[in-house]
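Listed here are the chains, written in short residue letters.
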Amino acid sequence: MSRIGIIGGTGLTKIRQLEIIKRQVVHTPYGEPSGFFTWGQLFGHEIIFLARHGYSHHLPPHKVNYRANIWAMQDLGVERVIAFNAVGGITEEMQPETIVIPHQIIDYTHGRDHTFFEGENSSGVTHIDFTEPYCAQTREALIKAAEKAGVKIVSKAVYAATQGPRLETAAEIDKLEKDGCSIVGMTGMPEAALAKEKGLSYAACAIVANRAAGRGDGEITVEMIEAHLKNGIVSAAKLLEAVMPKLL
Ligand code: HPA
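Analysis parameters
Residues numbered from 1 in each chain as written. Predicted model: local features only at pLDDT ≥ 70, side-chain atom pairs only at ≥ 80, totals over all residues. Heavy atoms only, no water. 1 Å grid on protein atoms, 1.4 Å probe; cavity = no way out; pocket = protein on both sides within 12 Å on 5 of 7 lines; lining within 4 Å. Points joined across faces, edges and corners; volume = space filled by probe spheres on them. Helix = DSSP H or I, 4+ residues; strand = E, 2+ residues; numbered from the N terminus. Nonpolar A, V, L, I, M, F, W, Y, C, P; charged D, E, K, R; others polar. Salt bridge = Lys/Arg side-chain N within 4 Å of Asp/Glu carboxyl O. Buried < 20%, exposed > 50% of the residue type's maximum accessible area, 1.4 Å probe, protein only. Phe/Tyr/Trp six-rings, centres within 6.5 Å; stacked < 30°, edge-to-face > 60°. Lys NZ or Arg CZ within 6 Å of the ring centre and 35° of its normal. Near = heavy atom within 4 Å. Polar contact = N/O pair within 3.5 Å; in protein donor to acceptor, adjacent residues only side chain to side chain. Areas by Shrake-Rupley, 256 points an atom, 1.4 Å probe, with all protein chains shown as cover. Sits in = over half its atoms within 2 Å of the grid points. Disulfide = S-S within 2.5 Å.

Visitor: Hey, could you run me through empty space enclosed by the protein in this one?
Guide: If you walk through the whole model with that rule in mind, you get one cavity of 30 Å³ or more. Of the volumes computed, that of the largest cavity is approximately 30 Å³. In terms of lining, the largest cavity is formed by Gly9, Thr10, Leu12, Phe84, Asn85, Ala86, Ile207 and Leu229. With three residues, strand β5 (residues 78–89) is the largest single contributor of residues to the lining of the largest cavity. Classifying every residue of the lining of the largest cavity gives five nonpolar, three polar and no charged.

See below:
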């Protein structure tokens, strides 16, 4: 049975249904993770939860210590990670509150500590194969579970990982769409690559919080994002309930 880690993004600093067993602080060679790790029972299965932005949501996307988070997850014995990300919807299909299981990523971030392979202590230069950034088996389990539970999802998307913390300009979103991206978020990278470097099975579950810049009517507000995430998370919880037995 593989131990499951869940990384919660904006709007998901805790899982309501999680029956907490213990909280654990982990120190890593890469510094401090976003917060303590919460061990608990979720729909009858033991999981380890971490709030990516901290439990009081104080860490912006570019300040998250992705290396410490992933290192600690592996140190705690996690083999499979489901990561939640709030995103903006670029293409027409990506309307607010849609749940999306991306299959590809383009990384537009910069200046983040993005690798465990610094070349210093390892025996040589290491290049991981990142052709498929997400674990096919975990994605498949999420997609099948959604079908079974009647949760409407979009089962393919290219995730544009932007630097933030500001949202994009309308022209930037046009460029991302030309690049083939259908959703945009700030936390997908380097998390996915670091998980791959550590050999973790990693898949993302994105929740569309808003239409991306220039795609909706008017300004994108925090209130709008929060309201959509609140509803999206209800579907995400149903999806988690359905997927748990499929991941054992
Ligand atoms: N852009 C980038 N990240 C986001 C967005 C967005 O529109 N919405 C939620 N996270």
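That was the structure; now back to the text.
Visitor: Help me out: how do you make sense of the layout of surface pockets in this one?
Guide: Rolled over the atoms, a probe as big as a water molecule pinpoints where empty space is left. Of the pockets and cavities examined, the largest pocket occupies roughly 520 Å³. Lining the largest pocket are 27 residues, with Thr10, Ala86, Leu167, Met186 and Ile225 sitting closest to its centre. For the lining of the largest pocket, the per-class residue count stands at 14 nonpolar, 10 polar and three charged. Taken together, 21 residues form the lining of the second largest pocket, with Gly11, Leu12, Lys14, Arg16 and Ile233 sitting closest to its centre. The element best represented in the lining of the second largest pocket is helix α5 (residues 222–243), accounting for 10 residues.

Visitor: Would you take a moment to explain unusual backbone geometry for this structure?
Guide: Glycine aside, residues mostly have negative phi angles, and peptide bonds mostly take the trans form. Cis geometry marks the peptide bond from glycine 164 to proline 165, where omega comes out at 0°. Tracing the chain through its elements places proline 165 in the loop between β9 (158–161) and α3 (170–178). Here the bond from methionine 189 into proline 190 is cis, since omega is 10°, no more than 30 degrees from zero. Mapped onto the secondary structure, proline 190 falls in the loop between β10 (183–185) and α4 (191–197). With a phi close to 50°, histidine 57 is a non-glycine residue in the positive phi region. Structurally, histidine 57 can be placed in the loop between β4 (45–51) and α1 (66–75).

Visitor: Please explain the pattern of salt bridges as it appears in this structure.
Guide: A side chain with one charge can pair with a side chain of the opposite charge if their charged atoms come near. Tallying each qualifying case throughout the model produces 10 salt bridges. The partner of glutamate 172 in a salt bridge is arginine 166, with the nearest N and O atoms 2.9 Å apart. Take glutamate 172: its relative accessible area is 29%, and that puts it in the partly exposed class. Among the charged side chains, a network of salt bridges with common partners joins Arg67, Asp113 and Glu118.

Visitor: How should I be thinking about the packing of aromatic side chains in this particular structure?
Guide: Geometry of an aromatic ring pair is reported as the spacing of the ring centres plus the angle between the planes. Counted under the stated rule, the structure contains four aromatic pairs. With a centroid separation of 6.2 Å and an interplanar angle of 10°, the aromatic rings of tyrosine 134 and tyrosine 202 are classed as stacked. Of this pair, tyrosine 134 sits in the loop between β7 (104–107) and α2 (136–149) while tyrosine 202 sits in strand β11 (residues 201–211), and the two are 68 residues apart along the sequence. Here tyrosine 134 matches tyrosine 202 in class, with each residue buried. Members of the aromatic cluster, each reached through a chain of ring pairs, are Phe36, Phe49 and Tyr55. Over the face of the ring belonging to tryptophan 39 we find lysine 22, whose NZ or CZ atom lies 4.5 Å from the ring centre. For the cation-ring pair, lysine 198 lies above phenylalanine 116, with the distance from its terminal atom to the ring centre recorded as 4.5 Å.

Visitor: What is the right way to read the site of the ligand from this model?
Guide: Within the structure, the ligand sits among Ala86, Val87, Gly88, Leu167, Glu168, Val184, Gly185, Met186 and Asn210. Contact between the ligand and alanine 86: a nitrogen atom at 3.3 Å from a main-chain N or O atom of the residue. Between asparagine 210 and the ligand, the recorded distance is 2.6 Å, taken from a side-chain N or O atom to a nitrogen atom. If the ligand stood free it would expose 260 Å²; the protein chains cover 94% of that surface. The cavity that encloses the ligand is the largest pocket. When contributions to the shell around the ligand are tallied by element, the ones reaching two or more residues are β5 and β10.

Visitor: Help me understand the state of the cysteines, please; the structure alone is not making it clear to me.
Guide: Throughout this description, disulfide means a covalent bond between two cysteine sulfur atoms. Counted by the stated rule, this structure contains zero disulfides. Among the cysteines around cysteine 135, which has no disulfide bond, cysteine 205 carries the closest sulfur, lying 14 Å off. For cysteine 205, a relative accessible area of 0% gives the class buried.

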